[in-house]
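Understanding the architecture of this molecule
For reference, the chains in residue letters:
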Amino acid sequence: MNAPLHREIPAGLLDPARALAQVAAQWDADIVTQLSSYIEIPAKSPGFDAQWRAHGHIDTVVRQAAAWIEAQKVAGLRLEVIRLPGRTPVLFFEVPACNGAGPASVADCASHSAAGQTVLMYGHLDKQPEFTGWRNDLGPWTPRLLGDKLYGRGGADDGYAVYASIAAIQALKSQQVAHPRIVGLIETCEESGSYDLLPYVDALRSPQNNRLGDVALVICLDSGAGNYDQLWLTTSLRGMAGGVLKVEVLTEGVHSGDASGLVPSSFRIMRQVLDRLEDSATGHLLPASFHCAVPPERLAQAQATAAILGDQLFKRFPWAHHDCGGSTAFALPTTQDPVQALLNRTWRPALSVTGAEGLPALADAGNVLRPYTAFKLSLRLPPLVDAATAVHELKRLLEDNAPYQAKVTFDGGGTTGWNAPATAPWFENALQAASQAHFGASCATIGQGGTIPLMNLLSQGFPKAQMMVCGVLGPHSNAHGPNEFLHVPYAKKLTAAVAHVIAQMAAQPLAAA
């Protein structure tokens, strides 16, 4: 990659070299320490910790983040921890628009301020559960900085976001650069589907007191990166339909020698039911309603991204391997075509079984015909497929006409995916300038296979807003799995790039923004 570009900076514009130096020093001196403390706290999302109130871990990480924000003493910043009854808390902060010190930026920024345009910064503090398979020298709640990587649950997904957001604002303030009004919304229910977030958004957008304002730019720091060499903009997110599928044939387990061959296996019925949904030979989802056409611009972007990443799209995964005739054989991906690999993980539906009940541990498995089998299903949906419709169709497909009149139930819900709006010229220019300034390479685009529930909501609520959906989840960072890490050098550059884009927004004529 080329070295980042450094030029003489006109007065009133952000100096990217100074911004990156300040951000990097802050990460080294403070933010890594803050995130290490955050990692130590098992602040699991309420979907994985029904007793989250009693345990107090979510409240602890919110309290720590709030205390840190207040300690930064950002000029004009107002912070509030909002708690609606029965809901997980959110952090909300506001920073008024600033005209800056540079004479070239005063008029433009004043017009932004007068129009009330707002930047909305988003992140979350709740975490996925521990999962198994962590290296012996690592653990989910044991932060460890090894070289450039900070290991531990939640550092990269998504604890860093609130700290990076404030650091980006501080970089603007320290250079007295003009910026629009900025608000921050940090939730604690994202990993459970953000079901607590909509009531907060409704409250913050009430006609009597619209505290979100006219959002013209959303900065969401909860996404991924194709590599650590350039800025990556997420252009789509898959939706999800998930729930528990349960097959019951008996009220209690019985001797398998007595019952097998007469009492049908709940596992075999489970296989038959799932065969209605998925071709087990290929993984192709059978219902046409779970598919959608790939927009031409997304196909073109996938082709460009495939040219950048090539076979690293699938080689980055920790494939199982074994000795085969004296050589090492590895498990294979569903495709080795980079374009198809991208489309498979971003614009095509895919089914995963993420948990099971009714199956005893191997050490406890006697010769018993089990009364039931239950699977937790995760069905990733293309960005343009409506999740509510998909969940309704999924329930009908799985439950109707059960083999052997077994009791088959599916209980679940879903979240619709997201497809980014058309990129405004000023935003494209700002992204490219930020990537060149801090990475020495062009900004690239990528669809992500995960789900951020807030994005579709914000696109509907602010249809004219530009969406800077980025993140630090690059190769091997392994969010949700074992050995999750945050790539600290990339996080530093991303933080500075965020400041760069906000400054560029303020420098644009109002019509362009």
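Scroll up to find the structure.
Right, let's get into the environment of Val 488. When you line up the elements, Val 488 lands in helix H15 (residues 488-507). Remark: the alpha-carbon pair of Val 488 and Gln 436, spanning 52 residues in sequence, is separated by 19 Å. Every residue in contact with Val 488, bar those within four places of it in the chain, is listed here: Trp 27, Val 32, Leu 145, Asp 148 and Leu 150.

The next point concerns the sheet that holds strand E20 (residues 444-448). If you trace the 3 strands from one edge of the open sheet to the other, you get E19-E10-E20, paired in mixed fashion. Both edges of this open sheet fall to strand E19 (418-419) and E20, since each of them pairs with a single strand only.

The next point concerns the packing of aromatic side chains. Across all of its chains, the model carries 7 aromatic pairs by this definition. Between the aromatic rings of Tyr 228 and Tyr 490, the centroid separation amounts to 5.7 Å while the plane-to-plane angle is 70 degrees, which identifies the pairing as edge-to-face. Taken as a pair, Tyr 228 in the loop between strand E9 (214-220) and strand E10 (232-237) and Tyr 490 in helix H15 lie far apart in primary sequence, 262 residues in all. For Tyr 228, a relative accessible area of 17% puts it in the buried group.

A few words on the nonpolar core. Core analysis: the biggest nonpolar cluster contains 89 residues, and Trp 27, Leu 231 and Met 468 have the highest contact counts within it. The dominant element in this core, judged by the number of residues it contributes, is helix H5 (residues 155-174), at 12 residues. If near-sequence neighbours (up to four positions away) are discounted, Trp 27 is found in contact with Val 32, Leu 35, Tyr 160, Ala 164, Leu 486, Val 488, Ala 491, Lys 492 and Thr 495.

Residue Asp 158 is bonded to the preceding Asp 157 through a cis peptide linkage, with omega at 10 degrees. If you trace the backbone, Asp 158 turns up in helix H5. Despite not being glycine, Asn 401 has its phi angle at roughly 50 degrees, a positive value. Asn 401 sits in the exposed class, given a relative accessible area of 71%. Of note in this structure, Asn 478 is not a glycine but carries a positive phi near 60 degrees. As for its placement among the helices and strands, Asn 478 is situated in the loop between strand E21 (466-469) and strand E22 (485-487). Residue class for Asn 478 comes out partly exposed when judged on its relative accessible area of 34%.

Contact geometry for helix H9 (residues 296-309) and helix H11 (residues 338-346): axes closest at 8 Å, N-to-C directions at 125 degrees. The angle between H9 and H11 falls in the class oblique. As H9 runs across H11, the sense of the crossing is right-handed. Here Leu 299, Ala 302, Gln 303, Thr 305 and Ala 306 of H9 lie close against H11, whose contacting residues are Pro 338, Val 339, Leu 342 and Leu 343. Within the contact of H9 with H11, the residues separate by chemical class into 7 nonpolar, 2 polar and no charged.

A word on the sheet that holds strand E5 (residues 149-151). The 3 strands lie next to each other as E4-E5-E22, forming an open sheet whose pairing is antiparallel. Every other strand in the sheet has two partners, leaving strand E4 (144-146) and E22 as the edge strands with one partner each. Direction aside, neighbouring strands of the sheet carry axes that sit 25 degrees apart on average. Two strands pair when backbone bridges link them, and E4 and E5 are joined in this way by 3 bridges, in the antiparallel orientation. Paired with Leu 145 across the strands is Leu 150, a residue of E5. Running over the sheet, helix H1 (residues 16-39) touches E4, E5 and E22 and is turned about 20 degrees from E5. The strands touched by H15 are E4, E5 and E22; relative to E22, the strand with the most contacts, the crossing angle is about 55 degrees.

The tally for this structure, following the rule as stated, stands at 0 disulfides. No disulfide involves Cys 220; its sulfur sits 8.6 Å from that of Cys 470, the nearest cysteine. Cys 470 forms no disulfide, and the closest cysteine sulfur to it belongs to Cys 443, at a distance of 6.6 Å. Given the relative accessible area of 1%, Cys 470 is considered buried.

Overall, the coordinates contain 15 salt bridges when judged by the stated rule. Note that Asp 137 and Arg 144 form a salt bridge whose closest N and O atoms lie 3.3 Å from each other. Among the residues examined, Asp 137 registers a relative accessible area of 34% and is labelled partly exposed. In this structure Arg 144 comes out as partly exposed when scored by relative accessible area, which is 36%. If you follow the salt bridges from partner to partner, you end up with Arg 78, Glu 80, Glu 94, Arg 181 and Arg 211 in one network.

What counts, and at which threshold
- Each residue is numbered by its place in its chain's sequence as written, counting from 1.
- Where local features are concerned, this predicted model is filtered to residues with pLDDT of at least 70; where side-chain atom pairs are given and counted, the filter is 80 or more; whole-chain, interface and lining totals use all residues.
- Only hydrogens and water are removed before side-chain values are computed, so all heavy atoms of the structure are retained for them.
- Helix and strand definitions here come from DSSP, where helices need a minimum of 4 consecutive H or I residues and strands a minimum of 2 consecutive E residues; each element is numbered from the N-terminal end.
- Two residues qualify as a contact provided that any one of their heavy atoms is within 4.5 Å of a heavy atom in the partner residue.
- Paired strands, as defined in this entry, are two strands with at least two bridges between them according to DSSP.
- To pair, rings of Phe, Tyr and Trp, with the six-membered ring standing in for Trp, must have centres within 6.5 Å; the planes then decide the type, stacked if under 30 degrees apart, edge-to-face if over 60, and tilted in the middle.
- Accessibility here uses a 1.4 Å probe with only protein chains present; expressed as a share of the type maximum, an area under 20% marks a residue as buried, one over 50% as exposed, and anything in between as partly exposed.
- The set of buried Ala, Val, Leu, Ile, Met, Phe, Trp, Tyr and Cys residues whose side-chain atoms join them within 4.5 Å is what this entry labels a nonpolar core.
- Here the axes come from fitting lines to C-alpha atoms, over the contacting stretch only for helices, and the angles between their N-to-C directions go from 0 to 180 degrees.
- Under this scheme an angle from 65 to 115 degrees is roughly perpendicular, one under 35 degrees roughly parallel, and one over 145 degrees roughly antiparallel; angles in between are oblique.
- Note on convention: near helix rotated counterclockwise from far helix by under a right angle means a left-handed crossing. Clockwise means right-handed.
- The residue classification treats Ala, Val, Leu, Ile, Met, Phe, Trp, Tyr, Cys and Pro as nonpolar and Asp, Glu, Lys and Arg as charged. All others, Gly included, are polar.
- Note that a disulfide, as used here, is simply two cysteine sulfur atoms within 2.5 Å.
- Criterion for a salt bridge: a side-chain nitrogen of Lys or Arg within 4 Å of a carboxyl oxygen of Asp or Glu.

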